Amino acid sequence: QVPLVESGGGSVKAGGSLRLSCVASLSMIRYLTMAWFRQAPGKEREFVSGIGIRSGGFEGYGDSVKGRFTISRDNAKNMVYLQMSSLKAENTAVYFCAARDGGVSSAARPSDYEYWGQGTQVTVSS
């Protein structure tokens, strides 16, 4: 019923960069906690990054992407972004945008989120 649409995926060589975007057809996006997850074939969905409602609030990263990925949001444009740098072959996955109502101290499980996009493929070659 409530769409989140990802874009910006594609193919890149190891060491390169990509910027993913998610647009939300959700009213009151400024009251939503937003996140990115990824899922590789045969593996469970994995938390990549999340960002809370308030400046200085929740901002988290999976251990494997700290220092390489950066999440940001632009509430005026109903957008959330994931800047990915120093990409590795093991980062290949479908990347999903997710959202939940309200603020949180920490939210890094798929069950913490109620709205999901369809995913965008990221392929990193060696």
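Residues numbered from 1 in each chain as written. Predicted model: local features only at pLDDT ≥ 70, side-chain atom pairs only at ≥ 80, totals over all residues. Heavy atoms only, no water.

Participant: I'd like a rundown of the pattern of salt bridges, residues and numbers included.
Facilitator: With the rule as written, the count across this model stands at two salt bridges. A salt bridge links glutamate 46 to arginine 38, with the shortest nitrogen-to-oxygen separation between them at 2.9 Å. (Salt bridge = Lys/Arg side-chain N within 4 Å of Asp/Glu carboxyl O.)

Participant: I'd like to hear about the pairing of strand 11 (residues 120-125), residue by residue, with values.
Facilitator: Only one face of strand 11 is covered, namely the face carrying Thr120, Val122 and Val124; the face carrying Gln121, Thr123 and Ser125 is uncovered. Strand direction decides the pairing type here: strand 2 (residues 10-13) and strand 11, joined by four bridges, are parallel. Following the sheet pairing, lysine 13 is matched in strand 11 by serine 125. When strand 9 (residues 93-101) meets strand 11, the two strands line up antiparallel, connected through three bridges. (Buried < 20%, exposed > 50% of the residue type's maximum accessible area, 1.4 Å probe, protein only. Helix = DSSP H or I, 4+ residues; strand = E, 2+ residues; numbered from the N terminus. Pairing = 2+ DSSP bridges.)

Participant: Kindly report on the pairing of strand 1 (residues 4-7), identifying the contributing residues and their values.
Facilitator: Judged by which residues are buried, strand 1 turns out to be one-sided: Leu4 and Glu6 face inward and are buried, whereas Val5 and Ser7, on the alternate face, are not. Across four bridges, the pairing between strand 1 and strand 3 (residues 18-24) is antiparallel. Bridge pairing in strand 3 links valine 5 to valine 23.

Participant: Before we move on, can you summarise the state of the cysteines with the specific residues and values?
Facilitator: In this structure the tally under the stated criterion is one disulfide. Across a sulfur-sulfur distance of 2.1 Å, cysteine 22 and cysteine 97 are joined as a disulfide pair. Handedness of the cysteine 22-cysteine 97 disulfide follows from its S-S torsion of about -85°: it is left-handed. Separated by 75 residues along the polypeptide, cysteine 22 in strand 3 and cysteine 97 in strand 9 bring together distant segments of the chain. (Disulfide = S-S within 2.5 Å.)

Participant: Just give me the short version of the packing of aromatic side chains, but keep the residues and values in it.
Facilitator: According to the stated counting rule, one finds four aromatic pairs in the structure shown. Between phenylalanine 37 and tyrosine 113 the ring centres are 5.5 Å apart and the planes differ by 75°, which places this aromatic pair in the edge-to-face class. With phenylalanine 37 in strand 4 (residues 32-39) and tyrosine 113 in the loop between strand 9 and strand 10 (115-116), the pair connects residues that are 76 residues apart, well separated along the chain. The burial state of phenylalanine 37 is the same as that of tyrosine 113; both residues are buried. Both rings, one in phenylalanine 37 and one in tryptophan 116, keep their centres 5.1 Å apart while their planes meet at 55°; by these two values the pair is tilted. Of this pair, phenylalanine 37 sits in strand 4 while tryptophan 116 sits in strand 10, placing them 79 residues apart in sequence. (Phe/Tyr/Trp six-rings, centres within 6.5 Å; stacked < 30°, edge-to-face > 60°.)

Participant: Outline the environment of serine 85, listing residues and values.
Facilitator: Structurally, serine 85 is set in the loop between strand 8 (79-84) and strand 9. In this structure the C-alpha to C-alpha distance between serine 85 and threonine 70, which are 15 residues apart in sequence, comes to 8.6 Å. Once residues lying within four places of it in the same chain are set aside, the contact partners of serine 85 are Gly16, Ser17, Arg68 and Phe69. (Contact = heavy atoms within 4.5 Å.)

Everything listed is a geometric property; what it means functionally is a separate question.
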